Amino acid sequence: MATREGVAIITINNPPVNALSHGVPEGLETAIHAANADPGVHAIVVIGGGRTFVAGADINELEKAAYGQAELPDLHPALNMIEASPKPVVMAIHGTALGGGLELAMAGHYRVAAAGSQLGLPETKLGIIPGAGGTQRLPRLVGTAKAAEMCATGDPIPARDALAAGLVDRVIEGDLLTGAIAFAREIQDRTPPRTRDRAAAPANLDALREQIKKSRKHQHAPLVAIEAVEAATALDFDAGCRHEKEVFKKLGHGDQAKALMHAFFGERAVAKVPGLGKDVAPYPVTSVGIVGAGTMGGGIAMSFANVGIPVRITDSSQEALDRGMGVIRKNYEASIKRGRLTPEAMEQRLALITPQLGMAGFEQVDLIVEAVFESLALKKELFAALDQVAKPDCVLATNTSTLDVDAIARSTSRPQMVVGLHFFSPANVMRLVEVVRGEATDGRVLATAMAVAKALKKVGVVVRNGFGFVGNRMMFPYMFEAQFLVEEGSTPAEVDAALTDFGMAMGIFGVDDMAGIDVMWRVKREFADIFEKPGERRPLVADRLCAMGRMGQKTGAGWYRYDESRKPLPDPIVLELIRKTAAEAGIEQREISKEEIVERCVYALINEGARVLEEGRAARAVDIDIVYLTGYGFPAWRGGPMFHAGLVGLDKIHARICEFERRHGPRWKPAPLARLAAEKKTFADYDAERA
Ligand code: T1G
């Protein structure tokens, strides 16, 4: 602890984000005690060392506590001691003050923040609520309605908004420490104001509750957080904290907390690619060329322009280019309408996208992404041409979703520079990028692909080349099971309702209509060897819908018909077609429960996931989980398909799969990794064993 001009400076140093791990609150208490005991000290400044103030309690400790392997951290003693400090304590915030970090700041008597810092209580994103007085102190500082919204959504606010809301007392433009000391000297003679002594006025939170019920469907923590904040208006501070602690503990041991913490660490774990050393330096990517200005090419171009990377985009005709640029402009205009972008920002981004015929300038770019029609012959021809144009250290990426990346790479003289960058539609929105590692892909090229995904604020997950990579490979059995269920008596709407009640962002029939039923039809035809195994049941209705010209949303009808606002409506024509097709195939009709619908679809996903893992297509189960959380709308509060399997119990799932195999045949043959069930293990254990 240093002292400057009568102000004690206490620096919290626990890299990388100054989490309040065991020992940190205790160290803080000791320092505050020392400062209060020092007659030369008139005020105290607490500041974070490194890149941020405090990003919360230590989530590693929370995760252990969730499994009963440790006690949940109790920060109350340290925070109450700080609040009771006879000398004023000024919290100096930079980077982030999140969760326990903001609770610490609110236990201080004053808060000053560097411009650009972020303040929030994101606990509900981990399936818990603030557990160190946040639901009691925040409403006393910013008002009950604002506090309830911040606690329920978990979204941080910037320093300027925090100033306006009364959460911070000053925004510091220049050097934070200098500004904090100056502020401390201004207030050092005042009686330290304690947040707990303020009142939290009642507020009507009904509208917020309704909004949260829609935006955070199925999740417990956000509504519990609102209730805890509301308690601050009825109970005194300590009683409110006791109530908060009780519900915090309950949620802290819940499955949703376990799943969301798995998702938190999972997103960080997938960035560490097994076998790729931290010292493998990516190639710098400051300019990009994109071939193909269709839906995917356009979305990919926007992703780069959105983060300030200039893009050249080419296509086979001026008409195709104009159409592509038109869609890009329309997408930006839609963001402006939604208030998420300014017209100036749109123009800046459009200025970074240069449409052109031909490949002039492609010889200078650092990365070329191909997003042309899904034909192997066409892509091989294109990569052979790119091989003649691109500079030696240019990374060549294909956005194929099903084709053989190695075959594409072999059409060049530099297969080691080829990698798959599989974006998901809409590419400017979806966070997932499957980074497809080919047999020849060089380590630096892989590192570059991962760095590009991070630069685009997306989540790159490395997968091995092979049909359907990871995401789509698992999606096929999931989708087919859904189609078999409607042939056996259920309906698209019933199946989709069961899956969205399970937590999927969208039902599979809705997804098929959005993507285009013909896309799957073409894939099945191109890979008949995979989809038409002799003696194996094949779904029958989708192809008939295509034959009727019902391709989905793009033709106004598919599994559903769509009204003018694109709302999916059950269509008696489809129900009739399904019944007729089933009758022709002699498929017995029966009532099918929601439970069976979910089990057949989700267990098909998990079983295929286990095969993908066994084959090494994905290095870890967590890679599969993050693919499904960031690319396929699997609910984060279930942690992903493989994590969910662990919560349900692999033995229970294995038993059900064996039952399905007996009833529905070899497509339900349990994956070899079913052995984990017998060993009472989870896929997380599998990952840990191989780490
Ligand atoms: N605990 C432990 N480790 C953490 C951590 C935390 N709170 N926050 C980050 N890390 C690790 C992370 O795993 C990664 O490790 C490294 O730090 C860099 O993080 C009582 C109970 C702060 C915005 O939810 O949102 O307080 O992979 O890659 O992109 O009420 O990290 O390098 O080994 O994410 O610059 C509430 C969580 C906790 C904030 C920085 N706090 N963190 O983002 O870096 S609950 C949070 C973040 C709580 C109290 C309750 C972000 C960040 P590794 P990073 P970044």
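The shown structure was predicted, so the numbers you read here are calculated from the model rather than taken from an experiment.

Conventions used here
Residues numbered from 1 in each chain as written. Predicted model: local features only at pLDDT ≥ 70, side-chain atom pairs only at ≥ 80, totals over all residues. Heavy atoms only, no water. Helix = DSSP H or I, 4+ residues; strand = E, 2+ residues; numbered from the N terminus. Buried < 20%, exposed > 50% of the residue type's maximum accessible area, 1.4 Å probe, protein only. Areas by Shrake-Rupley, 256 points an atom, 1.4 Å probe, with all protein chains shown as cover. Near = heavy atom within 4 Å. Polar contact = N/O pair within 3.5 Å; in protein donor to acceptor, adjacent residues only side chain to side chain. Nonpolar A, V, L, I, M, F, W, Y, C, P; charged D, E, K, R; others polar. Axes fitted to C-alpha atoms, helices over the stretch in contact; angles between N-to-C directions. Parallel < 35°, antiparallel > 145°, perpendicular 65-115°, else oblique. Left-handed = near helix turned anticlockwise from the far one by under 90°. Contact = heavy atoms within 4.5 Å. Lys, Arg positive; Asp, Glu negative; His and termini not counted. Salt bridge = Lys/Arg side-chain N within 4 Å of Asp/Glu carboxyl O. Pairing = 2+ DSSP bridges.

> Mind showing me how you'd approach the overall build of the protein chain here?
Regarding its fold elements, the protein chain presents 31 helices and 19 strands. For the protein chain, the spread of C-alpha atoms along the principal axes amounts to about 90 × 60 × 50 Å. Considering the protein chain as a whole, with its 691 residues, one finds that 57% of them fall into the buried category. Accessible surface, the protein chain: about 28,300 Å² in total, of which carbon and sulfur atoms supply 55%.

> Can you walk me through the site of the ligand in this structure?
Taken together, 28 residues are adjacent to the ligand, and R51, G100, E103, E123 and K272 come closest. Here an oxygen atom of the ligand and a backbone polar atom of G100 are 2.8 Å apart. K272 has a polar side-chain atom sitting 2.6 Å from an oxygen atom of the ligand. Coverage of the ligand by the protein chains reaches 75% of its 1,000 Å² of free accessible surface. Among the elements of the structure, α2 (59-66), α4 (100-107) and α12 (255-269) are those that each provide at least two residues to the shell around the ligand. Each residue belonging to the shell around the ligand can be placed in one class, and the counts come to 17 nonpolar, five polar and six charged.

> Mind showing me how you'd approach the packing of helix α9 (residues 206-215) against helix α10 (residues 221-231) here?
Two quantities define a packed helix pair, namely the angle between the axes and the distance from one axis to the other. Axis separation between α9 and α10 bottoms out at 9 Å; the angle between their running directions is 160 degrees. One finds that α9 runs roughly antiparallel with respect to α10. For the pair α9 and α10, the sense of crossing is right-handed. Where α9 abuts α10, its residues L208, R209, I212 and K213 lie against P222, L223, I226, E227 and E230. Of the residues in the contact of α9 with α10, the class split is five nonpolar, no polar and four charged.

> Just to check I follow, could you spell out the side chain of K87 for this structure?
Residue placement: K87 occurs in the loop between α3 (76-83) and β4 (89-93). The buried charged residue K87 lacks any salt bridge partner; its closest oppositely charged side chain belongs to D38, at an N-O distance of 5.9 Å. Of the polar contacts made by the side chain of K87, one reaches the backbone oxygen of A35; its length is 3.2 Å. A polar contact of 3.1 Å, which involves the side chain of K87, links it to the backbone oxygen of N36. What K87 contacts, discounting residues up to four positions off in sequence, is A35, N36, D38, P39, V41, H42, I44, H109 and P192.

> Looking at this structure, I do not really get the sheet that holds strand β15 (residues 418-423). What am I missing?
Strand-to-strand pairing in sheets goes through backbone hydrogen bonds, with the strands running parallel or antiparallel. The sheet built from eight strands is open, its strands ordered β12-β11-β10-β13-β14-β15-β16-β17 with mixed pairing. Each having just a single partner strand, β12 (353-356) and β17 (459-464) make up the two edges of the open sheet. Going from strand to strand, the sheet's axes swing by 25 degrees on average, the running direction of each strand aside. One ladder, built from six bridges, connects strand β16 (residues 432-437) with β17; its direction is parallel. Bridge pairing in β17 links E434 to V461. In this fold helix α13 (residues 295-306) packs onto β10 (288-291), β11 (311-314), β12, β13 (367-370) and β15, with an angle of close to 170 degrees to the strand it touches most, β11.

> Is there a simple way to explain the packing of helix α5 (residues 134-142) against helix α11 (residues 237-252) in this structure?
Close contact between α5 and α11 brings their axes to 8 Å; oriented N to C, the two are set at 135 degrees. Judged by the inter-axis angle, α5 sits oblique to α11. Touching G134, T135, Q136, R137 and R140 of α5 are F237, G240, C241 and E244, all from α11. Residues of the contact of α5 with α11, tallied by class, amount to two nonpolar, four polar and three charged.

> Just checking my understanding: could you explain unusual backbone geometry for this structure?
Most peptide bonds take the trans configuration, and most residues that are not glycine carry a negative phi. In the segment running from P15 into P16, the intervening peptide bond is cis, with an omega of 5 degrees. Inspection of the secondary structure puts P16 in the loop between β2 (7-12) and α1 (24-37). Cis geometry marks the peptide bond from S425 to P426, where omega comes out at -5 degrees. Among the secondary structure elements, P426 is positioned in the loop between β15 and β16. The backbone of N18 shows a phi angle near 55 degrees, a positive value even though the residue is not glycine. In this structure, N18 sits in the loop between β2 and α1. Residue N18 is classed as buried on the basis of its relative accessible area, which comes to 1%.

> Can you walk me through the pattern of salt bridges in this structure?
Should the charged atoms of two oppositely charged side chains come close, the side chains can pair. Within the structure shown, the criterion is met by 50 salt bridges. Among the salt bridges present, the one from R196 reaches E83, with a minimum N-O distance of 2.7 Å. Taken as a pair, R196 in the loop between α8 (176-187) and α9 and E83 in helix α3 lie far apart in primary sequence, 113 residues in all. In terms of burial, R196 and E83 fall into one category: buried. Of the charged contacts, one joins E596 and R590 as a salt bridge, the two residues approaching to 2.7 Å between their closest N and O atoms. One network of salt bridges, with partners in common, ties together E481, E487, E488, R537, R590, E596, E599, R600, R656, E659, R663 and R667.

Note that all results are geometric; they support no functional claim without further evidence.
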